[in-house]
Amino acid sequence: MGKKLLLPLIILMFVFISACGAKNEDNKANSTNANESAKAETPAATDEPAKTGTITYQSELGPVEVPADPKRIVALTNAPNVLSLDGTVVGVDEWTNKSPHFKDKLAGVEVVSEDSLEKIIELEPDLIIAGTHNKNLDKFKEIAPTVVYTWGKLDYLAQQLEIGKLLNKEKEAQAWIDDFTKRAAEAGKEIKAKIGENATVSVFETDSKSFYVFGNNWARGTEILYQAMGLNMPEKVKKDALGPGYYTLSSEVLSDYAGDYIVLSRSATGDNSFMKSEAWSKIPAVKNNHVIEIDTEAASYSDPTTLEYLLNIFKEGLLK
C-alpha cells in the first residue's frame, strides 16, 4: 500500500478510537449518575425486618404458617394477651369482652364462640387463636391459620412471650416480662419489709353462691402475690388449693383459710350480703382492716394489662 493511502487510513483510525473513548466516558458517567440516583431513592436499612408475608410459628401442635403482621384476629382464647400487644382483634370471647380494661379496644368487635362458625367466616380472619379444648378446630383451620394453646400449660410469663412470637412482637413481649418481673420483685421486698417476712395472704372469690380460695396460678393476681412478689400463703391454702389451682369453700370455714391479709375478688353487682355475716366479720384480717377488694371482671386474666392494674392495687393496699 502506498504512503499516500496509508496516511488517511491512520487518521480515520484515530478519529474512530477517540469517538469510542468519548462514548465510553459518557456511558460511565451515565451509569454513575444512575447508581447515585438509585442509592438516593433506596430507603435506609433498618434493624427491624419488614412485617410482610408469613412467618412459621412453632405451636404446641406443630409449625403453622401465620401472617407476619395479622390484621384480623379472632381470639377465642388469650385475647387479653393479644390486646396487650396491640393486636388487631375482630372477634373475641364473651369473658374478655366483659373486662373493663379492654372496653375501648373492643368497641365494635364481634363476640364469638367455638360454635359461631358462620359469624367467624363473615369476619374474614387472617388468624384464629383457640384452645385445645375448643371443638371445631379442624373447621377453624379451613377458615384461617389456627394456633391453639392448652390452658395452664405455660406460666403467665411464658404465655405472653408465646403470643409475642405469634404476633411477630417477641422483643416487645420480652421487654415487658423483664421490666414487670423486676418491678414486682422490688415491690415484694418493700411489702415484706412492711408487713413482715412471715405474713400470709389469701385470695378469695365469691359468686354469691360459693366461695373459692386460689393457689398461685389462677389469675386474680395470684401470680403477682405468690410468684413475682414471693409472698406467703397459709398452710391450709397450700394443702388444698396449690395443686388444683383453686378450692371451693363454705362461708363457715373461710376463717380456716384466711391469711393475715385477704384479697377479695367479687362482682360489684353480685350479692355481697355475706360481708355483713358473723362468719366474715370474725376473721382477724377483716377485723384488722386487712382486706383488699378487687373487681372479678377486671381480675380474671393474667395478661400484662390486667397484671399492671393489680400490681398497683396490691402495692397501695399492702403498703398503706
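Residues numbered from 1 in each chain as written. Predicted model: local features only at pLDDT ≥ 70, side-chain atom pairs only at ≥ 80, totals over all residues. Heavy atoms only, no water.

Trainee: Can you explain the overall build of the chain? Please cite residues and give values.
Mentor: A tally of regular secondary structure across the chain gives 13 helices and 12 strands. Considering the chain as a whole, with its 320 residues, one finds that 42% of them fall into the buried category. By sequence separation, contacts in the chain at least 24 residues apart represent 60% of the contacts at least 6 residues apart. Summed over all atoms, the accessible surface of the chain reaches about 17800 Å², with 52% contributed by carbon and sulfur. (Helix = DSSP H or I, 4+ residues; strand = E, 2+ residues; numbered from the N terminus. Buried < 20%, exposed > 50% of the residue type's maximum accessible area, 1.4 Å probe, protein only. Contact = heavy atoms within 4.5 Å. Areas by Shrake-Rupley, 256 points an atom, 1.4 Å probe, with all protein chains shown as cover.)

Trainee: Tell me what's going on with the packing of helix 7 (residues 170-195) against helix 13 (residues 304-319), and back it up with residues and numbers.
Mentor: Remark: helix 7 packs on helix 13, axes separated minimally by 10 Å, with the N-to-C direction vectors making an angle of 15 degrees. One way to sum up the angle between helix 7 and helix 13 is to call them roughly parallel. As for the relative orientation of helix 7 and helix 13, their crossing is left-handed in sense. Together, W176, F180, R183, A184, A187, E190, I191, K194 and I195 of helix 7 and P304, L307, E308, L311, F314, K315, L318 and L319 of helix 13 make up the contact between the two elements. (Axes fitted to C-alpha atoms, helices over the stretch in contact; angles between N-to-C directions. Parallel < 35°, antiparallel > 145°, perpendicular 65-115°, else oblique. Left-handed = near helix turned anticlockwise from the far one by under 90°.)

Trainee: Please give an account of helix 6 (residues 156-166) that cites residues and values.
Mentor: Most of helix 6 sits inside the fold, with nine of its 11 residues counted as buried. Regarding helix 6, its N-cap is D155, as a side-chain oxygen of that residue lies 2.9 Å from the backbone nitrogen of L157 further along. Looking one or two residues beyond helix 6, the residue adopting positive phi is N168, at roughly 65 degrees. (Polar contact = N/O pair within 3.5 Å; in protein donor to acceptor, adjacent residues only side chain to side chain.)

Trainee: Residues and numbers for the nonpolar core, please.
Mentor: Residues L166, F204, L225, M229, I262, W280 and F314 are the most contacted members of the largest nonpolar core, which totals 71 residues. It is helix 7 that provides the largest number of residues to this core, a total of eight residues. One finds V90, V112, L123 and V148 within the second-largest nonpolar core, a separate group that totals 13 residues. (Core = buried A, V, L, I, M, F, W, Y, C linked by side-chain atoms within 4.5 Å.)

The analysis is restricted to geometry; functional conclusions fall outside its scope.
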